[in-house]
Amino acid sequence: MNTHKVEGKFDQVSGKIKQGVGEAVGNQKLANKGAAEQIKGAAKETWGNAKDTANVVREDERSRARAEGKDMKYRTENTANDMRDRATTSAHNMKSKINDKLDDIKREHRR
């Protein structure tokens with residue numbers, strides 16, 4: 001709970017008391033001040049709720065981004081490993097094919 005919500009609730013209670021006392025003793029000015037304080041408190045509390053909601057959304061998005069970043073790193077590393085394996089396998093296959101051809105040529109010329 002943030003300070004705006006706490007202050008808002010306090011202002012609403014305080015305003016309710018002032019309004020009640022003002023109405024009980026016939027003091028319209030005090031009753032009006034109490035009503036205004038309740039409205040102010042409700043606005044503060046609502047602002048506090050909005051801030052809390054924004055914080056929840058922000059934290060959720062940060063968590064999601066972290067998770068996606070970790071997943072992306074994992075996938076990138078796997079892709080890099082796969083590409084290295086393919087490249088080295090291709091190089092070995094090419095070497096074997098070339099060496100086989102060279103051996104064929106040597107055999108033909110030794111006859």
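Look a little higher up for the structure.
Residues numbered from 1 in each chain as written. Predicted model: local features only at pLDDT ≥ 70, side-chain atom pairs only at ≥ 80, totals over all residues. Heavy atoms only, no water.

### Some thoughts on the side chain of Asn2
Consideration 1: Note on placement: Asn2 falls in the segment before helix H1 (3-25).
Consideration 2: Within the structure, Asn2 has its side chain in polar contact with the backbone oxygen of Gly48 (distance 2.9 Å).
Consideration 3: Contact partners of Asn2, with chain neighbours within four places excluded, come to Gly48, Lys51 and Asp52. (Helix = DSSP H or I, 4+ residues; strand = E, 2+ residues; numbered from the N terminus. Polar contact = N/O pair within 3.5 Å; in protein donor to acceptor, adjacent residues only side chain to side chain. Contact = heavy atoms within 4.5 Å.)

### Structural notes on the pattern of salt bridges
Consideration 1: With the rule as written, the count across this model stands at 11 salt bridges.
Consideration 2: Between Glu59 and Arg62 there is a salt bridge, and its shortest N-O distance comes to 3.2 Å. Taken as a pair, Glu59 and Arg62 lie in helix H2 (residues 28-110) at a separation of 3 residues, close to a single helical turn.
Consideration 3: Judged by its relative accessible area of 33%, Glu59 is partly exposed.
Consideration 4: Classification of Arg62 by relative accessible area gives partly exposed; the value is 44%.
Consideration 5: Among the ionic contacts, a cluster of salt bridges with common partners joins Glu7, Asp11 and Lys44. (Salt bridge = Lys/Arg side-chain N within 4 Å of Asp/Glu carboxyl O. Buried < 20%, exposed > 50% of the residue type's maximum accessible area, 1.4 Å probe, protein only.)

### Quick word on the packing of H1 against H2
Consideration 1: Where H1 meets H2, the axes come as close as 7 Å, and the angle between the chain directions of the two elements is 165°. Considered as vectors, H1 and H2 are oriented roughly antiparallel to each other. In the packing of H1 onto H2, the handedness of the crossing is left-handed.
Consideration 2: Classifying every residue of the contact of H1 with H2 gives 6 nonpolar, 12 polar and 13 charged. (Axes fitted to C-alpha atoms, helices over the stretch in contact; angles between N-to-C directions. Parallel < 35°, antiparallel > 145°, perpendicular 65-115°, else oblique. Left-handed = near helix turned anticlockwise from the far one by under 90°. Nonpolar A, V, L, I, M, F, W, Y, C, P; charged D, E, K, R; others polar.)

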